[in-house]
There are 2 protein chains.
Amino acid sequence: GGTFLVNAPFPKDEFWDHLPKTMQKQLIEKKGKLFVIDAQKVAEESGMGRRINTVMQVCFFAIAGVLPKDEAIAQIKNSIIKTYGKKGDEVVKMNLQAVDNTLANLHEVKIPNAVSSKFDIHSPVPENSPEFVKKVIGEIIAFRGDDIPVSAFPQDGTWPTATTQYERRNIALEIPVWNDEICIQCGKCMMVCPHACIRSKVYDEKYLDGAPDTFKHTDARDKEWKELKYTIQVAPEDCTGCGVCVEVCPVKDKSDVSKKALVMAPHMQLREPEAKNWDFFLKLPEYDRSKLTLTKIQHQQMQRPLFEFSGACAGCGETPYIKLVTQLFGDRAIIANATGCSSIYGGNLPTTPYCKDENGRGPAWNNSLFEDNAEFGLGYRLAIDKQKEIAINLLPLFAKEFSEEFIAKLINADQKTEQGIAEQRARVKVLKDKLESINSPEAKRLLEAADYLVDKSVWIIGGDGWAYDIGYGGLDHVIASGKNVNLLVLDTEVYSNTGGQASKASPLSAIAKFATNGRPVAKKDLGLMAMAYGTVYVASVAFGAKDDQTLKAFLEAEAYNGPSIIIAYSHCIAHGIDMSTPLKHQKAAVDSGQWLLYRYNPDFLKAGKNPLTLDSKEPKIPVAEYMNMETRFKMLFKTQPEIAKENYKQAQINVENRYKYYKYLAERKFGE
Amino acid sequence: GGTFLVNAPFPKDEFWDHLPKTMQKQLIEKKGKLFVIDAQKVAEESGMGRRINTVMQVCFFAIAGVLPKDEAIAQIKNSIIKTYGKKGDEVVKMNLQAVDNTLANLHEVKIPNAVSSKFDIHSPVPENSPEFVKKVIGEIIAFRGDDIPVSAFPQDGTWPTATTQYERRNIALEIPVWNDEICIQCGKCMMVCPHACIRSKVYDEKYLDGAPDTFKHTDARDKEWKELKYTIQVAPEDCTGCGVCVEVCPVKDKSDVSKKALVMAPHMQLREPEAKNWDFFLKLPEYDRSKLTLTKIQHQQMQRPLFEFSGACAGCGETPYIKLVTQLFGDRAIIANATGCSSIYGGNLPTTPYCKDENGRGPAWNNSLFEDNAEFGLGYRLAIDKQKEIAINLLPLFAKEFSEEFIAKLINADQKTEQGIAEQRARVKVLKDKLESINSPEAKRLLEAADYLVDKSVWIIGGDGWAYDIGYGGLDHVIASGKNVNLLVLDTEVYSNTGGQASKASPLSAIAKFATNGRPVAKKDLGLMAMAYGTVYVASVAFGAKDDQTLKAFLEAEAYNGPSIIIAYSHCIAHGIDMSTPLKHQKAAVDSGQWLLYRYNPDFLKAGKNPLTLDSKEPKIPVAEYMNMETRFKMLFKTQPEIAKENYKQAQINVENRYKYYKYLAERKFGE
């Protein structure tokens, strides 16, 4: 006798046949009532984009019978005026419109007497998944986790990586379609994709043998890739349909200037053929990492992401940075992750987005506490250094087995390039193979420590709540240590995951919890504070504003033999923005001077040069223009117009002062 | 049958009569053996200054019989070579010399058959002390604390202030004697005294009636004090004899240029007459605070210290800063004290050095945890602001009782000067007197909150272990808040109280626990990091290098309506220096550029001017010259000469770079 409401894109008359057998059976047996609405369509037509909460709420009250329908609808409308009043008349109007449109589009579906469906509920993971994925992960996904025996779980608390690939959430309404004819192969779409769902490969033509009919490819344009084929491929079942790849695409289709080299198209029809194309694409060989020019985005983006299909929001502004780390250094990265969004989508039981390359190498990842993540990551570094030291101390004991030259190379290998890393790995393999055959405690110990002769890349990752606030004492302690670790601050300027509280990264006037009248003080300048050490590499980046500066910063940070910190502008749903076009916000933040781009390299200082490079140009738009693009700022004019006015004025003064100050620092002549 | 060893300055034949009756009686009854040595004399003659540990250790082994005497002495000599080897040959030689000298000066005293003493053990506190002091504090001092009933203790955990005055430790061997004829009355001796044991007053001649014969006075030299008398008086029973007042005295006695306007003389003869002089001095009236020119040290030092006779080390480099706070703002100060030396000598049960002026006003003091002191102090501020707000909101309800003008004045009083504070206090008194007679809940509530209409001065005090390390996350959070609090960092550059561990304030190459090879990285620039906010008053001071700059900084910090932080160079016994001449170390630190003097005032920034004033001159001595004055640096040449050499080189580079950087910042032109 229950009532069942479904949001689905199917006409009411066809809807029954889109339900799987088990569901039809249950509805018939349980004598249910069934309603259907195309909530997305209603929301979009009411001007609300993809926000369906109001639509679904109206449906609930219209059919649940908790209140007489007319009274319920009147109450909803009152509540809309009250709730959204602060956000502006436009938002109120849209929501009221949505209520009316909802009622017109909510349909009851008569339940037939017999099951007629041709399919049943899909298995939660593909049939060809690994055993653990089928027996544990899949069962948890299917809400049957309570039935798994304890013995099926790993005894040491570790959890296999590379498992989001089996989840295939199919949540996109539309996915991007590649126009191979006009694409300039710049790589930007790959760089900005939050979920690593759009990828490119270059490969020899011969690999196209057996390609599905609809698999697209074209000639590679890069001079270094003459004779090779080029493909951009979307993972249709993992893409969230955010559309950021389309936003960033710099190409205009001459035949229709509203279109780009990527065009969003309905997922439903594309799912099946593109899934096949994706499988084929995955089997194409990876391009040799050591032959890529990593400072060029189109080259660098050929590196396979080792962070994919996470549970982050569609259009997330944090994940592209993490993905970049895993592309550049993931095969040797060890990541300490602070609590926050990145720890949730980074280790979202039962699946993990961190994955492995074709050699089984990928990031090792762990999450400690909010307040000690930097220290936790420093511990990685100290342990790695100690293991390496042990290996170096043991090596001379094997002078009989290995040449002096070989041992010297193992100890002093230059591992600053992908080539250098590859060569050292080969040496360590030779070492380990030999050690396997020696039966002594020293050989066993060296065998354990040998892998540490290959450089590891330690990354300490977290949000602004961690870096500016709760974990700042530790972060400061770690950057003061002089140790070679890399800190990545995913700066959303607010506690995103815990519900939108103000952090010290929140900018002046932004509304947040504990700052309902707008944050009364300016954003803490974490970068400037880190620069005070003179021994810390510091960069401030925004990939949506200057992607090659972002890439440069990540390469420099890792190359610097000491602590590095990258402060990364991360647009966020908490900003109150349209998440399908977040990059224009990044650009406006930089163009207004609200967000500065710079890099501070202590190696320059040692060489007697100015360590600071200001990558931002003079602000060219008023900061108010940027602020008015985001609800977090705009809202204040509704609730506290006087404060908002004053704040905006002060924000402009702050932005100008800050730019001038950085310029003064960057212009300092050295060696005088 | 026990053995009793006494360190005393009396010849062996006179010694017996210097023992009190009770002690003589016990020695006779218990058939004790008695030994005496003038350890101070032996130590001094062996070149070890006041360090008597080796002397006393030798005595112990010479008479205790735990080892055959010759073997014990040989072992001690071996142990000296081993223990002090790192500190240099000179130290070893001195200690070996001390061993021989000790044996020559250790005497057995034959115990007579009868008690002959003319006096007995003094009561632990004076007979005329307050009840609580006699019944609780005195008993604890006399080691009879276990016998005090629980009911004698305060129920709410508070403890009376102003109780060190009853302790009278009489630990000085010598105390300063004032030469009133040559003294220029500059006030510097008062400023540097760590224990507030040397003080000055100006007063009308009439108050000299009844002065003890030896009470010194002269004509006041300051133009504003024409016709008045001037006295500098020492508290003979509280002075520790450190001699810093003599070090700072700028006057040379023309009749003997080795002498100054203060000369150290044996305590024993001076104790009794000077105690009488001190009592007389205390009864002289205080000069009107509101008439002092506080930027002049000789004037400012007329302010009565409200922090006196603490248990800090003789010559302590921290306490003069705390004393200064209590002189300037103590009658309205509320202090949050981080764990560390300052929390120990600041609340050293059973006595407290924080005290009260003639009106019963003095600092309220509390110590929370190491890790939350800044937040704890911020809590004071928030509570005070709230209470004031409550008072302001209630005042208009009493429009019948008070004139509109009076209420407006209470709310808007200018309290930036001592005069303003005094006037507001008078207004609050009128208010409270009237409220007492009104029987309404509002009147009662306003009565409770009324005192908060007088401005309070919130001070958050701690060492570098707190400010740079353990409490830094909170310190940063508090200075980011924009709230009106004052933070004082007593920077000894090492965890002094917990036993000498390195902190992030420890300078490059300084030896400390966890940095036995010298600290490998440079000192954290806490001030520069605080300046990054642009809204925090920041000063770096060293009273031994530029006392008027110190004074200016404290006045400006308190006047700034926002967070202020003062980073105060605090010489320390942990530096391995002669604590009777610590000021030359402060001077050398500044002259070498190792310690910068500066003030950063955000009010200047608001006015479009450069906020930074660099008070340090170009370094004029090599930093090595400063470093070699202190064992913490010098020691490294014994243990790690190569590292020491490299560090010294780097230290010089750092010092020069840092000075240039600050100069560049201070020279920036504004308004262009």
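All values derive from a computational prediction rather than experimental measurement.

Turning next to a positive patch on the surface. Residue and element names in this part refer to chain B. Side chains of K546, K552, K617 and K620 sit close together on the surface and give a patch of like positive charge. For K546, the location among the structural elements is in the loop between β13 (537-541) and α21 (547-559). Classification of K546 by relative accessible area gives partly exposed; the value is 30%.

Turning our eyes to something else, we now look at the interface of chain B and chain A. Each side of the interface is counted separately: chain B has 22 residues, and chain A has 22 residues. Buried area between chain B and chain A, summed over both chains or domains, comes out near 2,100 Å², and the portion from carbon and sulfur atoms is 61%. Summed over the three residues of chain B that lose the most area to chain A, namely M529, Y664 and R668 of chain B, the buried surface amounts to 29% of that side. At the boundary of chain B with chain A, the tally comes to four salt bridges.

Superposing chain B onto chain A requires a rotation of 180° together with a translation of 0.1 Å along the rotation axis, leaving an RMSD of 0.1 Å. When the rotation and shift are considered jointly, the pair of chain copies conforms to a two-fold rotation axis.

All names here are of chain A. Counted according to the given criterion, the structure contains 46 aromatic pairs over all chains. Arranged with centres 5.2 Å apart and planes meeting at 75°, the rings of F132 and W159 form a pair that is edge-to-face. Placement of the pair is F132 in helix α7 (residues 131-141) and W159 in the loop between α7 and β4 (174-178), with a sequence separation of 27 residues. Judged by centre distance (4.9 Å) and plane angle (75°), the rings of F215 and F280 are edge-to-face. Of this pair, F215 sits in the loop between β5 (198-203) and β6 (218-219) while F280 sits in helix α10 (residues 267-283); the two residues are 65 residues apart in sequence, bridging distant segments of the chain.

All right, on to the sheet that holds strand β2 (residues 33-37) of chain A then. All names here are of chain A. With mixed pairing, three strands are arranged side by side in an open sheet as β1-β2-β3. Two strands bound the open sheet, and with one partner strand each, they are β1 (3-7) and β3 (107-109). Between one strand and the next, the sheet's axes are offset by a mean angle of 30°, whatever the strand orientation. Direction of pairing for β1 relative to β2: parallel, over a ladder of five bridges. The residue of β2 that forms the bridge with T3 is K33. Strand contacts of helix α4 (residues 53-64): β1 and β2, with the helix running at about 160° to β1, the strand carrying the most contacts.

What follows is about α10 of chain A. All names here are of chain A. Taking 1.5 Å per residue as the helical rise, α10 with its 17 residues ought to reach 24 Å, and the 23 Å between its terminal C-alpha atoms agrees with that figure. Where α10 bends most, the angle comes to about 40°, and this point is P273. Looking at the packing, one finds that the buried side of α10 touches β4, β5, β7 (229-234) and β8 (262-266).

Below, the discussion takes up the side chain of Q586 of chain B. All names here are of chain B. Mapping Q586 onto the fold places it in helix α22 (residues 583-591). The class for Q586 is buried, based on a relative accessible area of 0%. Of the polar contacts made by the side chain of Q586, one reaches the backbone nitrogen of F543; its length is 3.2 Å. Q586 has contacts with Y321, A542, F543, G544, A545, Y569 and H571, leaving out every residue within four places of it along the chain.

It is worth spelling out the confidence of the model for chain A at this point. Mean pLDDT over chain A works out to 95, with 100% of the residues at or above the 70 mark. Here the predicted complex scores 0.92 on pTM and 0.91 on ipTM.

On the surface, a cluster of nonpolar side chains totalling about 260 Å² of accessible area is made up of F60, V66 and L67 of chain B. Turning to its location among the elements, F60 of chain B is positioned in helix α4 (residues 53-64).

For the rest of this paragraph, the subject is the sheet that holds strand β2 (residues 33-37) of chain B. Residues and elements named next belong to chain B. The three strands are arranged β1-β2-β3 in an open sheet whose pairing can be described as mixed. Only two strands of the sheet have a single neighbouring strand rather than two, namely β1 (3-7) and β3 (107-109). Pairs of neighbouring strands in the sheet enclose a mean axial angle of 30°, with direction left out of account. The sheet contact formed by β2 and β3 spans three bridges and is antiparallel. Bridged to L34 within β3 is V109. Running at roughly 160° to β1, α4 makes contact with β1 and β2 of the sheet.

For soluble globular proteins, the rule of thumb is that nonpolar side chains tend to be buried together. Membership of the largest hydrophobic core comes to 265 residues, with the highest contact counts inside it found for L488 of chain A together with L488 of chain B. With residues up to four places along the chain from it excluded, the contact list for L488 of chain B reads Y321, I322, V325, W459, I460, I461, G462, W466, F554, I566 and A568 of chain B.

All names here are of chain A. Counted at 1.5 Å a residue, the expected span for helix α5 (residues 69-84) with its 16 residues is 22 Å, and the 22 Å between its end C-alpha atoms agrees. Every buried residue of α5 is listed here: A72, I73, I76, I80 and Y84. For α5, the arc enclosing every buried residue in end-on projection is 95°, short of the 170-degree limit, so these residues lie on one face. Residues D70 and K82 are exposed on α5 and point more than 90 degrees away from its buried face. Considering only its buried residues, α5 is in contact with α4 and α6 (89-105).

Reading the values: the criteria
- Residues numbered from 1 in each chain as written.
- Chains lettered and ligands numbered in written order.
- Predicted model: local features only at pLDDT ≥ 70, side-chain atom pairs only at ≥ 80, totals over all residues.
- Heavy atoms only, no water.
- Patch = residues over 30% accessible without salt bridge, like charges linked within 9 Å, V, L, I, M, F, W, Y side chains within 5 Å.
- Areas by Shrake-Rupley, 256 points an atom, 1.4 Å probe, with all protein chains shown as cover.
- Salt bridge = Lys/Arg side-chain N within 4 Å of Asp/Glu carboxyl O.
- Lys, Arg positive; Asp, Glu negative; His and termini not counted.
- Charge placed at Lys NZ, Arg CZ, Asp CG, Glu CD.
- Helix = DSSP H or I, 4+ residues; strand = E, 2+ residues; numbered from the N terminus.
- Buried < 20%, exposed > 50% of the residue type's maximum accessible area, 1.4 Å probe, protein only.
- Contact = heavy atoms within 4.5 Å.
- Buried area = accessible area lost by both parts, 1.4 Å probe.
- Least-squares fit on C-alpha atoms with pLDDT ≥ 70 in both.
- Phe/Tyr/Trp six-rings, centres within 6.5 Å; stacked < 30°, edge-to-face > 60°.
- Pairing = 2+ DSSP bridges.
- Axes fitted to C-alpha atoms, helices over the stretch in contact; angles between N-to-C directions.
- Expected span 1.5 Å × (residues − 1).
- Bend = angle between axes of the 7 residues up to and from the residue.
- Polar contact = N/O pair within 3.5 Å; in protein donor to acceptor, adjacent residues only side chain to side chain.
- pLDDT = per-residue confidence, 0-100.
- Core = buried A, V, L, I, M, F, W, Y, C linked by side-chain atoms within 4.5 Å.
- Arc of directions from axis to C-beta.

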